Amino acid sequence: MSLQVGDKFPSNIEFQHIPINVSEVENNNVLKCEIPTLLKLDKVFEKLADTETPNVLIVAVPGAFTPTCTENHIPPYLEHLSDLKAEKHIGAVIIIATNDAFVLNAWGKLLIKDAIKNVASIKEANGPSVYFASDVNGSFSKSFDLASDKGTGIRTSRYATVIDSKDKTVKYFGVEVERGVKFSGLDAVLGAKL
């Protein structure tokens, strides 16, 4: 079973993450290890439901520190957070992979630091909240046939979905069917009718 536009997003979905303070990311030590906590999506939905930015964007990547994910997929999202908020009313961006929360935290800090060089709005908190979170063992992605093991361990497929937190309805879903970033990238999300 896969996600489709119009589906109700399931309840009780949790990821592991280590929060990243975006406004202070330049001073954050990439090697500092904090204890992972649960990112409960129901809480994110509740927080955003009555705001002007009720949409939640989940972007799944096969792996942190991998070429396409690091160079082509996630940086455009981080550099256009204010566009996602203004044009698509996105209040939270959640980047997931099967890597552990420690790896995703370090990767997220490095990507945000790099994006800050180009975009001041990240530091100024003009964009949505940003989370780098672990889909532990691919359990969420596997439940929608969006994960596989091709000899390197379980990896999520490359996909993006937008959920309206008001009614938990899937407003956009794009999954890559071949190498590259076409259906799950920034341009696809900004071009989608939500």
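Since we're looking at a predicted model, the values are computed, not measured.

**Observations regarding the nonpolar core**
Part 1 of the reasoning: Core analysis: the biggest nonpolar cluster contains 32 residues, and Leu57, Ile74, Trp107 and Phe132 have the highest contact counts within it.
Part 2 of the reasoning: With 6 residues, helix α4 (residues 101-116) is the single largest residue contributor to this core.
Part 3 of the reasoning: Not counting chain neighbours up to four residues away, the residues in contact with Trp107 comprise Val61, Gly63, Ala64, Phe65, Cys69, Thr70, Ile74, Ile95 and Phe132.
Part 4 of the reasoning: Residues Leu3, Ala60, Ala133 and Leu146 belong to the second largest nonpolar core, which totals 24 residues.

**Some remarks on helix α3 (residues 81-88)**
Part 1 of the reasoning: Buried within α3 we find Leu81, Leu84 and Lys88. One side of α3 holds all its buried residues, which, seen down the axis, span an arc of 80°.
Part 2 of the reasoning: Turning to α3, the residues buried within the fold contact β3 (55-60), α2 (67-79), β4 (90-97), β5 (129-134) and α6 (186-191).
Part 3 of the reasoning: Note on α3: the residue one or two positions beyond its end, His89, has a positive phi of about 55°.

**Things to note about the side chain of Asp42**
Part 1 of the reasoning: Mapped onto the fold, Asp42 is located in helix α1 (residues 41-48).
Part 2 of the reasoning: Discounting residues that sit within four places of it in the chain, Asp42 has contacts with Ser11, Asn12 and Lys168.

**A look at the packing of aromatic side chains**
Part 1 of the reasoning: Enumeration over the complete set of coordinates arrives at 7 aromatic pairs.
Part 2 of the reasoning: Seen from their ring centres, Phe15 and Phe140 are 5.6 Å apart, and the 90° between their planes marks the pair as edge-to-face. Taken together, the residues Phe15 in strand β1 (residues 14-17) and Phe140 in helix α5 (residues 139-142) connect sequence positions 125 residues apart.
Part 3 of the reasoning: Residue classification places Phe15 among the buried residues on the basis of a relative accessible area of 1%.
Part 4 of the reasoning: Owing to a relative accessible area of 4%, Phe140 belongs among the buried residues under this scheme.
Part 5 of the reasoning: Taken together, the ring pairs in this structure connect Phe9, Phe15, Phe45, Phe140 and Phe144 into an aromatic cluster.

**With respect to the layout of surface pockets**
Part 1 of the reasoning: Here the largest pocket defines a volume of roughly 630 Å³.
Part 2 of the reasoning: Lining the largest pocket are 19 residues; nearest its centre among them are Pro62, Lys150, Thr156, Arg158 and Arg179.
Part 3 of the reasoning: The biggest single contributor to the lining of the largest pocket is α2, with 3 residues.
Part 4 of the reasoning: A per-class count over the lining of the largest pocket returns 5 nonpolar, 8 polar and 6 charged.

**Some remarks on the UniProt feature "active site" (unreviewed entry) in the protein chain**
Part 1 of the reasoning: As annotated in UniProt, the feature "active site" (unreviewed entry) corresponds to Cys69 in the numbering used here.
Part 2 of the reasoning: Within the secondary structure layout, Cys69 lies in helix α2.
Part 3 of the reasoning: Apart from residues no more than four positions distant in its own chain, Cys69 is found in contact with Val61, Pro62, Gly63, Ile74, Pro75, Trp107 and Arg158.

Rules used throughout
- Residues numbered from 1 in each chain as written.
- Predicted model: local features only at pLDDT ≥ 70, side-chain atom pairs only at ≥ 80, totals over all residues.
- Heavy atoms only, no water.
- Core = buried A, V, L, I, M, F, W, Y, C linked by side-chain atoms within 4.5 Å.
- Buried < 20%, exposed > 50% of the residue type's maximum accessible area, 1.4 Å probe, protein only.
- Helix = DSSP H or I, 4+ residues; strand = E, 2+ residues; numbered from the N terminus.
- Contact = heavy atoms within 4.5 Å.
- Arc of directions from axis to C-beta.
- Phe/Tyr/Trp six-rings, centres within 6.5 Å; stacked < 30°, edge-to-face > 60°.
- 1 Å grid on protein atoms, 1.4 Å probe; cavity = no way out; pocket = protein on both sides within 12 Å on 5 of 7 lines; lining within 4 Å.
- Points joined across faces, edges and corners; volume = space filled by probe spheres on them.
- Nonpolar A, V, L, I, M, F, W, Y, C, P; charged D, E, K, R; others polar.
- UniProt positions renumbered as here; feature names shortened; annotations may be inferred.

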